[in-house]
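Chains, contacts and geometry: an overview
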Amino acid sequence: MKDIMFKGAGVISAVIFLVIVLVVYGLLATVTLVYEKGECEAFRQDGVNVVTEIEDPSENLREGLFAEGEEAVFTYTSGNETKTFDPENPVELKLEIAKTVIINLFTFKWDEGDNVIILTAK
């Protein structure tokens, strides 16, 4: 039976297993989304991962931070680029969540404070 398997089958199996573990971890590990205006926290959503629904922050903002009729537009930093959060299409933010948890896994940043994504009001 050993003659049928090729020599690299064990290594390939291990690599496939590690990729599957990383994908599952990237999907299920959670972050905290903190929406800020200036120095004040406008809204916070805990336990967010790639498969959960990201709430629209404009419906849950703290009273008095935004003027009547002022639209709350939030941005976040992804590497060297600033991106605008679109509550109707949160795919880019979900990719940022997955990227954050996987990078933190490999850089040994496992504290709760390391898994925070801050979105700032324009």
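Reading guide: rules and limits
Residues numbered from 1 in each chain as written. Predicted model: local features only at pLDDT ≥ 70, side-chain atom pairs only at ≥ 80, totals over all residues. Heavy atoms only, no water. Core = buried A, V, L, I, M, F, W, Y, C linked by side-chain atoms within 4.5 Å. Buried < 20%, exposed > 50% of the residue type's maximum accessible area, 1.4 Å probe, protein only. Helix = DSSP H or I, 4+ residues; strand = E, 2+ residues; numbered from the N terminus. Contact = heavy atoms within 4.5 Å. Pairing = 2+ DSSP bridges. Axes fitted to C-alpha atoms, helices over the stretch in contact; angles between N-to-C directions. Expected span 1.5 Å × (residues − 1). Phe/Tyr/Trp six-rings, centres within 6.5 Å; stacked < 30°, edge-to-face > 60°.

**Brief notes about the nonpolar core**
- Of all hydrophobic cores here, the largest spans 23 residues; its most connected members are L33, Y35, I54, F66, F74, L93 and L119.
- Residue assignment for this core shows that the elements contributing at least two residues are β1 (31-37), β2 (40-48), β3 (74-78), α2 (91-106) and β5 (116-121).
- Sort the elements by how many residues they give to this core and α2 lands first, with 4 residues.
- In contact with I54, other than residues within four places in its own chain, are L33, Y35, Q45, V48, F85, P90, L93, K94 and I97.

**Re the sheet that holds β1**
- Ordered by their spatial adjacency, 5 strands build an open sheet running β2-β1-β5-β3-β4, and the pairing between neighbours is mixed. At either end of the open sheet lies a strand with only one pairing partner, and these are β2 and β4 (81-84). Taken pair by pair, the neighbouring strands of this sheet meet at an average axis angle of 30°, ignoring direction.
- The sheet contact formed by β1 and β2 spans 6 bridges and is antiparallel. By the bridge assignment for β2, Y35 is matched with F43.
- Each of β1, β2, β3, β4 and β5 is contacted by α2, which is oriented at about 40° to β3, the strand it contacts most.

**Structural notes on α2**
- The terminal C-alpha atoms of α2 lie 23 Å apart, and with 16 residues this matches the ideal 22 Å at 1.5 Å per residue to within 8%.
- Those residues of α2 that are buried lie in contact with α1 (9-28), β1, β2, β3 and β5.
- At the C-terminal side of α2, F108 shows a positive phi close to 60°.

**Considerations on the packing of aromatic side chains**
- Considering all chains together, one arrives at 4 aromatic pairs under this definition.
- Here Y35 and F43 contribute two aromatic rings whose centre-to-centre distance is 5.5 Å and whose plane-to-plane angle is 35°, an arrangement assigned as tilted. You'll find Y35 and F43 in the same group, each marked buried.
- On the basis of an interplanar angle of 65° and a centroid distance of 5.3 Å, the ring pair of F108 and W110 is categorised as edge-to-face. Comparing F108 with W110 shows no difference in burial state: the two are exposed.
- Pairwise contacts between aromatic rings join Y35, F43, F74 and F85 into one cluster.

**A few points about unusual backbone geometry**
- The phi angle at F108 is positive, at roughly 60°, despite the residue not being glycine.
- Examined against the element boundaries, F108 turns out to sit in the loop between α2 and β5.
- What makes F108 exposed here is its relative accessible area of 62%.

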